Amino acid sequence: MQEAGTITGSESVEEIVAAEQPKIQTVPDPAPASPAGWHKPEPSEYRCEIRLCPEPEGGYSVYVPELPGVVTEGDTAEEAVRNIAEALRGALRTYRKDGQPIPWKKDTDTPQPNENRFWIVVHV
């Protein structure tokens, strides 16, 4: 498992998301007491763990372990992070628009050795 907040390749997390500010922000690991690594600091802002995985055939897959079904990919790490932020924002907007509770998963699997963990903040 890669250390939280890092990715494989030459890009840093900060470089990957710099072009997307203020829509995407990286943040430090949440406090260990956080239920699943997510929280809602203000009404339109969500902090979520994402896991970025380099694929053997090239490119990256990325998903939000606390929100089942929010998964995407990209040819580069930067593209994958942009895509997951867009997918997460879309899912959160849909739940809010439909008046449904967001089905956060409280317990997540331990990251696999090839998964890079870090957190992003998306504004909905």
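Description of the structure in this document. (Residues numbered from 1 in each chain as written. Predicted model: local features only at pLDDT ≥ 70, side-chain atom pairs only at ≥ 80, totals over all residues. Heavy atoms only, no water.)

## Section: the pairing of strand β6 (residues 116-123)
Quick reminder of the rule: Whether a residue is buried, partly exposed or exposed follows from its accessible area with a 1.4 Å probe, protein chains only, as a fraction of its type maximum: under 20%, in between, or over 50%, in that order. In DSSP terms, a helix is any run of H or I states spanning at least four residues, a strand is any run of E spanning at least two, and both are numbered starting from the N terminus. Only strands joined by at least two bridges in the DSSP assignment are considered to pair.
Burial runs high along β6: 7 of the 8 residues are buried. Here strand β3 (residues 45-54) pairs with β6 via 8 bridges, running antiparallel. Directly across from Arg47, in β6, lies its bridge partner Val121.

## Points about helix α2 (residues 77-97)
Just so we agree on the cut-off: Each helix should span, by expectation, one fewer than its residue count multiplied by 1.5 Å. Here the arc refers to the directions that run from the helix axis out to each C-beta atom.
When the terminal C-alpha atoms of α2 are compared, their 30 Å separation across 21 residues agrees well with the 30 Å that a helix rising 1.5 Å per residue should span. Among the residues of α2, Ala77, Ala80, Val81, Ile84, Ala85, Leu88, Arg89, Ala91 and Leu92 are the ones counted as buried. Looking straight down α2, one finds that the buried residues subtend no more than 165 degrees of arc, so they occupy a single side. Relative to its buried face, α2 has exposed residues pointing more than 90 degrees away, namely Glu86 and Lys97. Phi turns positive, to about 70 degrees, at Gly99, one or two residues after α2.

## Quick word on the environment of Asn116
Turning to its location among the elements, Asn116 is positioned in strand β6. Residue Asn116 is classed as buried on the basis of its relative accessible area, which comes to 0%. Along the primary structure Asn116 and Val62 are separated by 54 residues, whereas in three dimensions their C-alpha atoms are 9.2 Å apart.

## Details of the pattern of salt bridges
Here is the rule we go by: Put simply, a salt bridge is a Lys or Arg side-chain nitrogen that is within 4 Å of an Asp or Glu carboxyl oxygen.
Within this structure, the stated rule accounts for 4 salt bridges. Arg82 serves as the salt-bridge partner of Glu78, at 3.2 Å between the closest nitrogen and oxygen. Here the residue Glu78 and the residue Arg82 both occupy positions in helix α2, the gap between them amounting to 4 residues, near one helical turn. Salt bridges linked by common partners bring Glu49, Arg51, Glu115 and Arg117 together as one network.

## Focus: the nonpolar core
Here is the rule we go by: Buried Ala, Val, Leu, Ile, Met, Phe, Trp, Tyr and Cys residues that are joined via side-chain atoms within 4.5 Å together make up what is termed a nonpolar core. We call two residues contacting when some pair of their heavy atoms lies within 4.5 Å.
If you look at the biggest cluster of nonpolar residues, it comprises 22 residues, and the most contacted ones within it are Ile50, Val64, Leu67, Leu88, Leu92 and Ile120. Listed by contribution, the elements that provide at least two residues to this core are β3, β4 (60-63), α2 and β6. Here this core gets 8 residues from one element, more than from any other, and that element is α2. Discounting chain neighbours no more than four positions away, the residues touching Leu67 are Leu88, Ala91, Leu92, Tyr95, Ile102, Pro103 and Trp104.

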